[in-house]
Amino acid sequence: MRLDEYDWLLMLRDFFSGLTWIVAVVFFLSGSQDLVYDVGAYWLRFWRQFTYRRKPRLTLERLRAREQQRIAVMVPAWNEGEVVASMVDNIIKRVEYDNYSIFVGTYPNDPATQACVDRLSKDYPQIIKVVTARPGPTTKADCLQNVLAAIRAKEEAELINYDIILMHDAEDWVHPQEFLVHNYLIPQIDVVQLPILPFPAKWNKWVHWIYADEFSENHMKDVPVREKISGFVPYAGTGTGFSRKVIEFLADEFDGQVFNETSMTEDYSMSKKIREAGMKSAFVNVVLGDDDSPWWKPLYKRPMFISNWSYFPMDWTRSVRQKSRWIIGISLQEWEQTGWVGNWLMKENFVKDRKVFVAASASFLGYLVLIYNIVFVLGYFHLVPFQLLPTLVAGEPLANLVSFCTFYMLLRITQRITWVGLTYGLGPGLLSVPRLIVGNIINGLASFRALKVFADSRSGKATVRWDNTTHLEGIGDMGGVEPVRTKVEVQFVPIEEIVTGLTSEEPEAIVKALRVVPATPLDTERAELIAYMRSLVSHRELKVRAALAQTMGRVQWPELNPTLFHALSDTDSVVLLNAARALLDLPKGAAMIEQAFSVATPKTVDALIRVIEQDRRRQRRVFHMIDQEELLVTKASILAGSQILRKRYATFLDEKLLPDKVAASHLRLENVQPDAL
């Protein structure tokens with residue numbers, strides 16, 4: 001049987017009708033999920049406008065009032081010599097913080113990066129070079145694991161504790177006030193993730209702008225909705241601050257392996273574990289209250305918008321490699337290692353993260369369907385010498401489904417313009433529309449490459465290693481507010497000047513005086529200082545009360561203990577946390593700690609527990625007090641209020657009993673007759 005021209009047209013029409021059904025169903029389901037996030041984003045912004053209006057906005061004054069906890073910055077670097085040097089130099093010169101160290105993870109077979117770090121560490125003692133045990137490239141998680149070991153070694157050698165572990169990449173431009181934000185929110189929040197956005201670039205750098213388009217919509221819209229709906233915040237692996245409680249919890253639960261070395265996206269793996277453990281993660285998308293910009297000004301021009309920025313690949317090859325690494329880690333390795341375990345909200349998150357292969361394939365097929373329909377229209381208007389048969393007939397189910405998909409497509413375009421425009425301005429927002437096609441092609445190529453790389457690793461042809469992206473663009477600059485240093489350099493200030501400051505009407509003068517109060521003045525001077533300091537505990541200004549609590553922890557004068565108790569009842573969390581640290585660090589504070597837990601409000605008890613969770617040495621000191629001083633209320637409070645402290649206390653008791661068990665065992669052996677052995 002011979003097929004005539006019409007038969008071929010019928011077969012072609014039926015084939016493309018089938019493709020249209022496949023593409024339309026995928027687009028409809030994916031678009032319906034995206035619609036939920038669209039509605040959720042606007043509802044969230046509307047809700048915050050009304051609820052946050054009744055609360056004080058986060059300002060630089062509030063950030064600076066919080067006592068600076070010790071921060072360890074982890075920067076893994078493989079073949080990142082000049083880039084990491086510029087990044088670290090920016091932190092030292094521009095970031096407003098004093099109490100931190102930067103640990104740069106390098107490899108024994110990467111002398112160029114080591115040389116850059118060595119050069120900087122000679123001038124800046126807060127930079128510590130770490131050399132991994134194995135030559136690179138291994139995995140990013142392996143490098144981070146070596147850096148964490150170096151952090152612990154420094155703690156043991158210097159008897160210190162890093163309260164916050166902060167992750168950054170070698171190519172980041174770190175916002176000058178970023179450390180202050182992490183310090184302010186931790187340990188009230190267990191993990192803090194800040195936005196990561198690409199630098200604005202020339203309009204014709206389309207590959208780089210694709211990242212800007214996607215990150216704007218993801219970090220400005222999708223992630224905040226995820227956090228609100230399910231409590232799940234996918235970490236970005238940079239700009240991520242962990243409370244020490246989280247790091248030690250992961251070490252205890254996973255035999256010391258805080259970072260998943262079998263995953264290319266160890267950050268995403270950590271976010272799932274923290275969510276499953278019931279700890280609190282927050283995506284902090286904030287413009288400080290000090291900002292006086294008009295509402296229409298894009299975020300990238302606002303210095304009070306706390307975000308990290310970096311250059312992303314500007315060519316196809318590096319972009320496809322980087323995106324395929326993300327897809328392997330998030331979509332394939334996590335699927336393989338953890339499956340679909342979780343409640344229905346977490347499974348919805350998994351669908352959003354793992355639908356990339358279906359969506360990419362549908363996009364490719366969609367372009368074929370589009371070409372067919374364009375040729376059909378051209379034939380209908382006699383612009384080509386043949387006429388194809390229509391795949392869509394008005395009123396039929398397929399046509400109705402395509403209509404829904406068209407609505408979703410227009411909605412996606414509108415949302416992309418909105419969120420890119422909010423971040424970068426109207427021009428980049430409008431240009432994001434033609435960039436959608438380029439983005440779909442790159443994402444499709446990355447998906448297929450990810451499948452191949454993953455299949456090769458499972459067949460033994462390749463091993464999982466750090467497929468690091470070469471950063472040829474270097475480090476950019478977004479300006480920002482100049483840092484204010486709080487570290488006191490003056491060695492001696494006359495008591496008369498300090499008293500003048502303490503009695504001043506200016507809050508700044510009072511705070512400055514509190515910072516230079518000597519720990520060991522003469523008795524007469526001490527009595528005078530105490531009299532003035534006591535009067536400040538009810539001062540109207542937050543910065544004064546917060547500085548007073550911090551100073552009481554530094555000087556540790558018993559005469560100020562009642563004043564310290566007063567600070568523990570302060571309604572502001574900044575003062576409360578400063579006072580909690582001061583109380584727990586008193587050299588002979590057992591009775592005061594017991595009294596604090598006995599009469600404190602739930603908010604105060606929570607602050608005390610969170611401060612104890614941050615430091616293993618502080619924990620052991622409190623545990624010793626509980627046993628030796630019989631602090632029954634303290635014991636009941638911390639064991640009931642913290643699962644982590646409950647486990648640590650059980651371990652403490654086991655270790656305490658271990659020497660007795662060993663001694664008893666030796667005694668039994670000594671009493672055994674030689675003939676019986």
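What this report covers is the structure whose coordinates are included nearby. These numbers come from a predicted model, not from an experiment. (Residues numbered from 1 in each chain as written. Predicted model: local features only at pLDDT ≥ 70, side-chain atom pairs only at ≥ 80, totals over all residues. Heavy atoms only, no water.)

**Details of the packing of helix 1 (residues 5-51) against helix 13 (residues 397-424)**
Part 1 of the argument: For the pair helix 1 and helix 13, the least separation of the axes is 8 Å and the interaxial angle reads 40°. When the axis of helix 1 is compared with that of helix 13, the two are oblique. The handedness of the crossing between helix 1 and helix 13 is left-handed.
Part 2 of the argument: A class-by-class count of the residues in the contact of helix 1 with helix 13 yields 18 nonpolar, six polar and four charged. (Axes fitted to C-alpha atoms, helices over the stretch in contact; angles between N-to-C directions. Helix = DSSP H or I, 4+ residues; strand = E, 2+ residues; numbered from the N terminus. Parallel < 35°, antiparallel > 145°, perpendicular 65-115°, else oblique. Left-handed = near helix turned anticlockwise from the far one by under 90°. Nonpolar A, V, L, I, M, F, W, Y, C, P; charged D, E, K, R; others polar.)

**Comments concerning the packing of aromatic side chains**
For any two aromatic rings, the description comes down to two numbers: the centre-to-centre distance and the angle of the planes.
Part 1 of the argument: Throughout the structure, instances matching the rule amount to 30 aromatic pairs.
Part 2 of the argument: Relative to Tyr 372, the ring of Phe 16 lies with its centre 4.5 Å away and its plane at 25°, an arrangement referred to as stacked. With Phe 16 in helix 1 and Tyr 372 in helix 12 (residues 356-380), the pair connects residues that are 356 residues apart, well separated along the chain. For the pair Phe 16 and Tyr 372, one class covers both residues: buried.
Part 3 of the argument: With a centroid separation of 6.1 Å and 70° between ring planes, the pair formed by Trp 340 and Phe 350 is classed as edge-to-face. Highlighted residues: Trp 340 in the loop between helix 10 (316-338) and helix 11 (344-354) and Phe 350 in helix 11, separated in sequence by 10 residues.
Part 4 of the argument: Look at Trp 340 and you get partly exposed, because its relative accessible area is 32%. (Phe/Tyr/Trp six-rings, centres within 6.5 Å; stacked < 30°, edge-to-face > 60°. Buried < 20%, exposed > 50% of the residue type's maximum accessible area, 1.4 Å probe, protein only.)

**Looking at the nonpolar core**
Part 1 of the argument: Core analysis: the largest hydrophobic core is formed by 123 residues, its most contacted members being Phe 179 and Ile 638.
Part 2 of the argument: Per-element accounting of this core gives the leading share, nine residues, to helix 20 (residues 573-584).
Part 3 of the argument: Not counting chain neighbours up to four residues away, the residues in contact with Ile 638 comprise Phe 597, Ile 609, Ile 612, Val 622, Phe 623, Ile 626 and Leu 645.
Part 4 of the argument: Judged by nonpolar contacts, the second largest core, of 31 residues, contains Met 167, Val 191, Tyr 235 and Ile 644. (Core = buried A, V, L, I, M, F, W, Y, C linked by side-chain atoms within 4.5 Å. Contact = heavy atoms within 4.5 Å.)

**As for the pairing of strand 4 (residues 164-167)**
Part 1 of the argument: The side-chain alternation of strand 4 yields two buried faces, one formed by Ile 164 and Leu 166 and the other by Ile 165 and Met 167.
Part 2 of the argument: Examined bridge by bridge, strand 1 (residues 71-76) and strand 4 share four bridges and lie parallel to one another. Its bridge partner being in strand 4, Val 73 is matched across the sheet by Leu 166.
Part 3 of the argument: Bridge count between strand 4 and strand 7 (residues 240-243): four bridges; the pairing is antiparallel. Paired with Ile 164 across the bridge in strand 7 is Ser 243. (Pairing = 2+ DSSP bridges.)

**Here's the deal with a positive patch on the surface**
Part 1 of the argument: A surface patch of like charges, here positive, comprises Arg 54, Lys 55, Lys 228 and Lys 280.
Part 2 of the argument: Among the secondary structure elements, Lys 228 is positioned in helix 7 (residues 206-230). (Patch = residues over 30% accessible without salt bridge, like charges linked within 9 Å, V, L, I, M, F, W, Y side chains within 5 Å. Areas by Shrake-Rupley, 256 points an atom, 1.4 Å probe, with all protein chains shown as cover. Salt bridge = Lys/Arg side-chain N within 4 Å of Asp/Glu carboxyl O. Lys, Arg positive; Asp, Glu negative; His and termini not counted. Charge placed at Lys NZ, Arg CZ, Asp CG, Glu CD.)

**Topic: the environment of Pro 494**
Part 1 of the argument: Along the chain, Pro 494 turns up in the loop between helix 14 (426-459) and helix 15 (495-502).
Part 2 of the argument: For the pair Pro 494 and Ala 549, spaced 55 residues apart in sequence, the C-alpha to C-alpha distance is 22 Å.

**Points about the pattern of salt bridges**
Part 1 of the argument: Tallying each qualifying case throughout the model produces 46 salt bridges.
Part 2 of the argument: Arg 134 serves as the salt-bridge partner of Glu 261, at 3.7 Å between the closest nitrogen and oxygen. Placement of the pair is Glu 261 in the loop between helix 8 (244-253) and helix 9 (266-276) and Arg 134 in the loop between strand 3 (127-131) and helix 5 (140-158), with a sequence separation of 127 residues.
Part 3 of the argument: The exposure class assigned to Glu 261 is partly exposed, which follows from its relative accessible area of 26%.
Part 4 of the argument: One network of salt bridges, in which partners are shared, links Asp 34, Asp 38, Glu 217, Lys 221, Asp 222, Lys 352, Lys 355, Arg 412 and Arg 416.

**Quick look at the environment of Phe 312**
Part 1 of the argument: In this structure, Phe 312 sits in the loop between strand 9 (308-310) and helix 10.
Part 2 of the argument: Owing to a relative accessible area of 7%, Phe 312 belongs among the buried residues under this scheme.
Part 3 of the argument: The spatial distance from the C-alpha of Phe 312 to the C-alpha of His 208 is 5.7 Å, given a sequence separation of 104 residues.

**With respect to helix 23 (residues 616-629)**
An α-helical turn contains 3.6 residues, so any two residues separated by three or four positions project in the same direction.
Part 1 of the argument: For helix 23, with 14 residues, the first-to-last C-alpha span of 19 Å sits near the 20 Å given by 1.5 Å per residue.
Part 2 of the argument: Buried within helix 23 we find Arg 618, Gln 619, Val 622, Phe 623, Met 625 and Ile 626. Seen end-on, helix 23 carries its buried residues on one side only, within an arc spanning 155°.
Part 3 of the argument: Between the side-chain oxygen of the N-cap and the backbone nitrogen of Arg 617 there are 2.9 Å, and the N-cap of helix 23 in question is Asp 615.
Part 4 of the argument: Just past helix 23, the residue Glu 630 takes up positive phi, approximately 55°. (Expected span 1.5 Å × (residues − 1). Arc of directions from axis to C-beta. Polar contact = N/O pair within 3.5 Å; in protein donor to acceptor, adjacent residues only side chain to side chain.)

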